[in-house]
Amino acid sequence: SQQGEEDPQALSIQEGENATMNCSYKTSINNLQWYRQNSGRGLVHLILIRSNEREKHSGRLRVTLDTSKKSSSLLITASRAADTASYFCATDANDYKLSFGAGTTVTVRA
Amino acid sequence: DTAVSQTPKYLVTQMGNDKSIKCEQNLGHDTMYWYKQDSKKFLKIMFSYNNKELIINETVPNRFSPKSPDKAHLNLHINSLELGDSAVYFCASSQVDSGNEQFFGPGTRLTVL
């Protein structure tokens, strides 16, 4: 069964705007990860946040984690056309696998 | 110097046939995975191997048989292909004791006619 649920399913923004997507999960986790998938390609790891961390930054990406609410958010600032992709959250419950959400499709309009 | 490679990239075949997908990683990781991504982009784990040993089999039909000849390779053989097997199959690898960040291959798009 899916562990993570992303919201919204799809997002369309203008270049330069920020994009925010959310992920909710059901069980205790070791860490939560975000991945990007460009059309027709494999997933690429973006950022990992551990269960004892609340916020993490990487370039234009900002991830938050609220373990009490079992939720995470990914913010992409100053979006570019190249950010057009599907974004997936994945939870690691320390059981040799990741459980992926259904993904958020982001379209950045020039 | 591709990290995780899969062959073939595309596979079109008739129902009932048997086919294989190969995966290799040159990252020195100890764990490899097969995922299936359906047309709605749901990504579901199928198998996980740690140091050549099967550790996860997520209720996959036994027509699917993974084989790991060594730590760097994880192949997937599918018998008696069915229409519902059409999907994109991704291989991935990770070092579990280092956060389990996974590195994905480019995917194999399987179409069963």
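Our structure is the block above this text.
Everything quoted here is computed from the prediction, not taken from an experiment. Counting restarts for each chain: residues are numbered from 1 in the order of the written sequence. To read the labels, note that chains go from A and ligands from 1, taken in the order they are written. Where totals are concerned, whole chains, interfaces and linings use all residues; where local detail is concerned, this predicted model gives features only for residues with pLDDT of at least 70, and gives and counts side-chain atom pairs only at 80 or more. Hydrogen atoms and water are omitted, and side-chain values are computed over all heavy atoms in the structure.

Would you mind showing me how to read the state of the cysteines here?
Covalently bonding the sulfur atom of one cysteine to the sulfur atom of another cysteine gives a disulfide. Residue and element names in this part refer to chain B. Criterion for a disulfide: a pair of cysteine sulfur atoms at a distance within 2.5 Å. Per the stated rule, a full pass over the model turns up 2 disulfides over all chains. Residue Cys23 pairs covalently with Cys91 via a disulfide, S to S 1.8 Å. Its S-S torsion of about -75° marks the bond between Cys23 and Cys91 as left-handed, since a negative value means left-handed. Linking Cys23 in strand S3 (residues 19-25) with Cys91 in strand S9 (residues 87-94), this pair joins segments that are 68 residues apart in sequence. Here Cys23 matches Cys91 in class, with each residue buried. Put simply, DSSP marks the helices as runs of H or I at least four residues long and the strands as runs of E at least two long, and each gets a number from the N terminus on. The rule is simple: take the accessible area with a 1.4 Å probe, protein chains only, and divide by the maximum for that residue type; under 20% is buried, over 50% is exposed, in between is partly exposed.

Can you walk me through the interface of chain B and chain A in this structure?
Often, the extent of an interface is quoted as the loss of accessible area on bringing the components together. Note on contacts: a residue pair is in contact if any heavy atoms of the two residues lie within 4.5 Å. In this assembly, 24 residues from chain B lie in contact with 23 residues from chain A. Buried area, as used here, totals the accessible surface that two parts lose on assembly, with accessibility defined by a 1.4 Å probe and the loss added over both. Buried area between chain B and chain A, both sides added, is near 1800 Å², and the carbon and sulfur share of it is 55%. Take a side-chain nitrogen of Lys or Arg and a carboxyl oxygen of Asp or Glu: if they are within 4 Å of each other, that pair is a salt bridge. Our enumeration of links across chain B and chain A arrives at 1 salt bridge. Among the ionic pairs, Glu58(B) bridges to Lys97(A), the shortest N-O distance being 3.0 Å. Polar contacts here mean pairs of N or O atoms no more than 3.5 Å apart (in protein, one a potential hydrogen donor and the other a potential acceptor; neighbouring residues in sequence count only if both atoms are side-chain atoms). Counting across the interface, chain B meets chain A through 6 residue pairs in polar contact (both at pLDDT 80 or more). Secondary structure elements with two or more residues in the side of chain B that touches chain A: strand S4 (31-37), strand S5 (43-50) and strand S6 (53-57) of chain B. Among the elements that line the side of chain B that touches chain A, the one with the most residues is S5(B), at 5 residues. Considered class by class, the residues forming the side of chain B that touches chain A number 11 nonpolar, 8 polar and 5 charged. Amino acid classes used here: Ala, Val, Leu, Ile, Met, Phe, Trp, Tyr, Cys and Pro are nonpolar; Asp, Glu, Lys and Arg are charged; the rest, including Gly, are polar.

Where do I start with the pattern of salt bridges in this structure?
Oppositely charged side chains can form a pair if their charged atoms are brought close together. One pass over the structure, following the stated rule, counts 6 salt bridges over all chains. The shortest N-O distance in the salt bridge between Glu55(A) and Arg62(A) comes to 3.1 Å. Residues joined by salt bridges that share partners form a network here, namely Arg63(B), Glu82(B) and Asp85(B).

It is not clear to me how the nonpolar core should be interpreted in this structure. Could you clarify?
Nonpolar side chains in soluble globular proteins tend to be buried together. For the purposes of this section, nonpolar cores are sets of buried Ala, Val, Leu, Ile, Met, Phe, Trp, Tyr and Cys residues that join through side-chain atoms within 4.5 Å. Ranked by internal contacts, the top residues of the largest apolar core, which has 22 residues, are Met21(A), Leu32(A), Trp34(A), Leu74(A), Ile76(A) and Tyr87(A). Sorting the residues of this core by element identifies strand S2 (10-14), strand S3 (19-24), strand S4 (31-37), strand S5 (43-50), strand S7 (61-66), strand S8 (71-76), strand S9 (85-92) and strand S11 (104-109) of chain A as the ones contributing at least two each. Sequence-distant contacts of Tyr87(A), that is, excluding residues within four places in its chain, are made with Glu6(A), Met21(A), Tyr35(A), Arg36(A), Leu46(A), Leu74(A), Ile76(A), Gly103(A), Thr104(A) and Val106(A). Counting 20 residues, the second largest nonpolar core, distinct from the first, contains Leu11(B), Trp34(B), Leu76(B) and Ile78(B).

I'm lost on the sheet that holds S3(A) in this one. Help?
Where strands meet in a sheet, backbone hydrogen bonds hold them as pairs that are either parallel or antiparallel. All names here are of chain A. If you trace the 5 strands from one edge of the open sheet to the other, you get S1-S3-S8-S7-S6, paired in antiparallel fashion. Each edge of the sheet is formed by a strand with only one pairing partner; in this case those strands are strand S1 (5-7) and strand S6 (55-58). Sheet twist, expressed as the average angle between the axes of neighbouring strands with direction ignored, equals 15°. Strand pairing is assigned whenever DSSP detects at least two bridges linking the two strands. When S3 meets S8, the two strands line up antiparallel, connected through 6 bridges. Across the sheet, residue Ala19 finds its bridge partner in S8, namely Ile76. For every element, the axis is a line fit to its C-alpha atoms; helices are fit only across the contacting stretch, and the angle between N-to-C directions ranges from 0 to 180 degrees.

Just checking my understanding: could you explain the side chain of Thr13(B) for this structure?
All names here are of chain B. Considering the arrangement of structural elements, one finds Thr13 in strand S2 (residues 10-13). Classification of Thr13 as buried rests on a relative accessible area of 4%. Filtering out sequence-adjacent residues up to four positions away, Thr13 remains in contact with Lys19, Leu81, Leu110, Thr111, Val112 and Leu113.

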